[in-house]
Amino acid sequence: MSRPFRFGVQAFNADSAREWKDLARSAEDLGYSCLHLADHYLGPGAAMTAASHPPQNLAALPAMATAAAVTQNLLIGARVMCVDYHQPVVLAKSLATIDLLSDGRLEPGFGAGWVTSEYEAMGVTMDRPGVRIDRMIEHVQLARAFFAGEELDFDGEHVQVRDMAAVPASPQPGGPRIMIGGGAPRVLRTAGEMADIVSINFDNSAGKIGAHGIGSGTAAGTAAKIDWVREGAGDRFADLEIEIGAYFTTVTDATQPTLEAMAGAFGMPPEELARHPHALIGSVSEICETLQHRRDAYGISYVTVRGANMAEFAPVVAALSGT
């Protein structure tokens, strides 16, 4: 059976406390399930230019806490926390604190990191992908133990914790549902094995946003990613929730001209962009039909749009949430 649709917003910029609080309240009022941050630290400069990544002026953890404080039912998360940027216990306790103080509205996400120029600019060692994924696995294992309020005795290759109990424990029965995101084979197999929510992303192994990553997110590329998730999940695949970022979203009645204009910028045929699972271009009814088709084809029931698209996309949220 298909999971019911739910929708998230990803935003990570505001010029004032009022702007950020208003955005969080608006996301809740418009019916979105979760407000996600990202976990990047670059300001304007050569490193950001090399990454081709938009600026993020809000650090994830304090912005998550602030959003939780001004909402009542909205889940709060990040797609995804880069574990290499955080000491394991400090990250787990910070997330657990947000969970407690939000009365159990944390939806934590974990990732293995990918922006080469950000690592370099911050002076963080960027190990090969396998090592980064191993480290992420240990972070997730520690976080689950922490959320459960266990006595911590963890002696991993990358994470070592002993002689302490985890506080605060999660107020959520069984702990928060954990998201793992990525776009390459091993991280998605790992997500299938360990996560509650799998975030399907680009293959960002190039270390920056570009043609390689966008090209990996085509219909065929996404089908392959779902297969990797399925391989990792085995019998638990049906229990997973599959999420995707609709990065290229435009709600418009001028569907074909918009597709042609955007496809030209991406160097792909309009018909390929129309099928691209990270793109939602068309009228409200067309987008609803597209999402229903993609849920049937890929199992994707959880869709996240950018904060800039939050208001225009709200009629889709109203039409499909919970169905």
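Notes on the structure follow.

Definitions and limits used
Residues numbered from 1 in each chain as written. Predicted model: local features only at pLDDT ≥ 70, side-chain atom pairs only at ≥ 80, totals over all residues. Heavy atoms only, no water. Axes fitted to C-alpha atoms, helices over the stretch in contact; angles between N-to-C directions. Helix = DSSP H or I, 4+ residues; strand = E, 2+ residues; numbered from the N terminus. Parallel < 35°, antiparallel > 145°, perpendicular 65-115°, else oblique. Left-handed = near helix turned anticlockwise from the far one by under 90°. Contact = heavy atoms within 4.5 Å. Buried < 20%, exposed > 50% of the residue type's maximum accessible area, 1.4 Å probe, protein only. Pairing = 2+ DSSP bridges.

1. What to know about the packing of helix α4 (residues 88-101) against helix α6 (residues 129-147)
And step 1. Across the interface, α4 lies against α6 with an axial gap of 9 Å and an inter-helix angle of 45°. The angle between the axes of α4 and α6 places the two elements in the oblique class. For the element pair α4 and α6, the recorded crossing hand is right-handed. Judged by residue contacts, Pro 88, Val 89, Leu 91, Ala 92, Lys 93, Leu 95 and Ala 96 of α4 engage His 139, Leu 142, Ala 143, Phe 146 and Phe 147 from α6.

2. Observations regarding unusual backbone geometry
And step 1. With an omega of -5°, the peptide bond between Arg 79 and Val 80 qualifies as cis.
And step 2. Structurally, the position occupied by Val 80 is in the loop between β3 (75-78) and β4 (81-82).
And step 3. The amide bond that connects Val 167 to the next residue, Pro 168, takes the cis arrangement and shows omega of 5°.
And step 4. Within the secondary structure, Pro 168 sits in the loop between β8 (160-165) and β9 (179-182).

3. Side note on helix α13 (residues 310-320)
And step 1. Along α13, the residues classified as buried are Met 310, Phe 313, Ala 314, Val 316, Val 317 and Leu 320.
And step 2. On its buried face, α13 sits against β1 (6-10), α1 (17-29), β12 (248-251), β13 (279-282), α12 (284-298) and β14 (300-306).
And step 3. In the segment just after α13, Gly 322 is the residue with positive phi, at about 85°.

4. With respect to the environment of Ala 169
And step 1. Tracing the backbone shows Ala 169 in the loop between β8 and β9.
And step 2. Sequence separation of Ala 169 and Arg 128 is 41 residues, and the distance between their C-alpha atoms is 33 Å.
And step 3. Contact partners of Ala 169, with chain neighbours within four places excluded, come to Phe 146, Phe 147, Ala 148 and Gly 149.

5. Examining the pairing of β8
And step 1. Taken together, the four bridges between strand β7 (residues 151-155) and β8 define a ladder with antiparallel strand orientation. Bridge pairing in β8 places Glu 151 opposite Ala 165.
And step 2. Here β7 folds back onto β8 in antiparallel fashion, the turn holding four residues.

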